[in-house]
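# Fold and contact review
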Amino acid sequence: MSNELYQQVFENNRRWVESKKAQDVDFFEKLSRGQDPDFLFIGCADSRVPANEIMGLEPGDVFVHRNVANLVPNTDMNAHAVIQYAVEYLKVDHVIVCGHYGCGGVAAAMKSEDLGQLNGWLREIRDVYRMHSKELNAIEDEEARYRRLVELNVQEQCINVIKTSWVQRSFRARGFPIVHGWCFALEDGLLKDLKIPFESILEGIREIYKLD
Ligand code: CO
């Protein structure tokens, strides 16, 4: 069965190529010339959160970075290389950190369990819990508390993005990128903009994290 699915992928690919060409004969010729995306999307690696698809956008429109629970840890060279490239070279106008309700990474971080290699990674989320423990502990319903942690994790990862010198410098120079926090709901497929106050966060953190 899984072998059949594997073969099916190539068949799907050929059909996709035909459908793209039917819409625009030069589609791949244009694609091969280069990219100029407006968005950097930092999302969860979860298979149910396909960046382009949920945004209704095409190849070339979104620069994407995904990992377990959409984290931007200070020491993550991969995430930071992506952010620097997207901001300084691709000059994206919008950086989106997109979490999702039903996130296994966030759920795991809420359990008292030794998860081996994952401990260090998930500690980023436990740190978010610690920073917001007053608000979170006041929520009695466990599901509601979990959903709020998903949102607060997005907010804190947005702050991690805003702490970078590239974002600070670029925003001062050209008023972009704007950093946004979103949550995707698996139950109905809808994106929720958390409307994080980007400019006031930027203003606030520059007291300590000013890098330019
Ligand atoms: Co997830």
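Residues numbered from 1 in each chain as written. Predicted model: local features only at pLDDT ≥ 70, side-chain atom pairs only at ≥ 80, totals over all residues. Heavy atoms only, no water.

A contiguous patch of negative charge, built from E140, D141, E142 and E143, is present on the exposed surface. Its location among the elements puts E143 in helix α8 (residues 142-162). With a relative accessible area of 44%, E143 lands in the partly exposed category. (Patch = residues over 30% accessible without salt bridge, like charges linked within 9 Å, V, L, I, M, F, W, Y side chains within 5 Å. Areas by Shrake-Rupley, 256 points an atom, 1.4 Å probe, with all protein chains shown as cover. Salt bridge = Lys/Arg side-chain N within 4 Å of Asp/Glu carboxyl O. Lys, Arg positive; Asp, Glu negative; His and termini not counted. Charge placed at Lys NZ, Arg CZ, Asp CG, Glu CD. Helix = DSSP H or I, 4+ residues; strand = E, 2+ residues; numbered from the N terminus. Buried < 20%, exposed > 50% of the residue type's maximum accessible area, 1.4 Å probe, protein only.)

The subject of this paragraph is the coordination of the cobalt ion. Binding of the cobalt ion to the protein goes through C44 (SG), H100 (NE2) and C103 (SG), at separations of 2.1 to 2.3 Å. Read N to C, the donor residues that coordinate the cobalt ion are spaced as C-x55-H-x2-C. Overall, H100 belongs to the buried group, its relative accessible area being 1%. Judged by relative accessible area, which is 1%, C103 ranks as buried. (Donors = N, O, S within 2.8 Å, 3.2 Å for Na, K, Ca; no water.)

Let us look at the pattern of salt bridges. If you walk through the whole model with that rule in mind, you get 14 salt bridges. The partner of R174 in a salt bridge is D93, and the shortest N-O contact between them spans 3.1 Å. One end of the pair, R174, is in helix α9 (residues 165-174); the other, D93, is in the loop between α4 (77-89) and β3 (94-100), and 81 residues separate them in sequence. On the basis of relative accessibility, which here comes to 31%, the residue R174 falls in the partly exposed class. For D93, a relative accessible area of 22% puts it in the partly exposed group. With a shortest N-O distance of 3.0 Å, E151 and K192 are connected by a salt bridge. A residue pair is termed long-range when its members are at least 10 positions apart, and E151 in helix α8 and K192 in strand β5 (residues 191-193) qualify at 41 residues. We classify K192 as partly exposed; its relative accessible area is 40%. A cluster of three or more residues bridged by salt bridges with shared partners is formed by E135, R148, E151 and K192.

Membership of the largest hydrophobic core comes to 45 residues, with the highest contact counts inside it found for L40, I83 and V161. It is α8 that provides the largest number of residues to this core, a total of 9 residues. With sequence-adjacent residues up to four places away left out, I83 is seen in contact with L40, I42, V72, V161, T164, W166 and V167. Counting 9 residues, the second largest nonpolar core, distinct from the first, contains F41, M55, I96 and F184. (Core = buried A, V, L, I, M, F, W, Y, C linked by side-chain atoms within 4.5 Å. Contact = heavy atoms within 4.5 Å.)

A word on the domain arrangement of the chain. Partitioning the chain into domains gives domain 1 (1-33) and domain 2 (37-209). Each of domain 1 and domain 2 has a C-alpha centre, and the two are 31 Å apart. (Domains from an automatic or database assignment.)

This brings us to helix α10 (residues 198-209). Along α10, the positions that sit buried rather than exposed are F198, I201, L202, I205 and R206. One side of α10 carries all its buried residues, which in axial view fall inside an arc of 135 degrees. Opposite the buried face of α10, by more than 90 degrees, sit the exposed residues E203 and E207. If you follow the buried residues of α10, they end up packed against α8, α9 and β4 (178-184). (Arc of directions from axis to C-beta.)

What holds strands together in a sheet is hydrogen bonding between their backbones, with the strands either parallel or antiparallel. Strand order in the open sheet made by the 5 strands is β2-β1-β3-β4-β5, with mixed pairing throughout. A strand with exactly one partner marks an edge of an open sheet, and here the two such strands are β2 (62-67) and β5. Adjacent strand axes in the sheet meet at a mean angle of 25 degrees when their direction is disregarded. In the sheet, strand β1 (residues 39-44) pairs with β2 via 6 bridges, with the strands oriented parallel. From the neighbouring strand, C44 faces β2, where its bridge partner is N67. (Pairing = 2+ DSSP bridges. Axes fitted to C-alpha atoms, helices over the stretch in contact; angles between N-to-C directions.)

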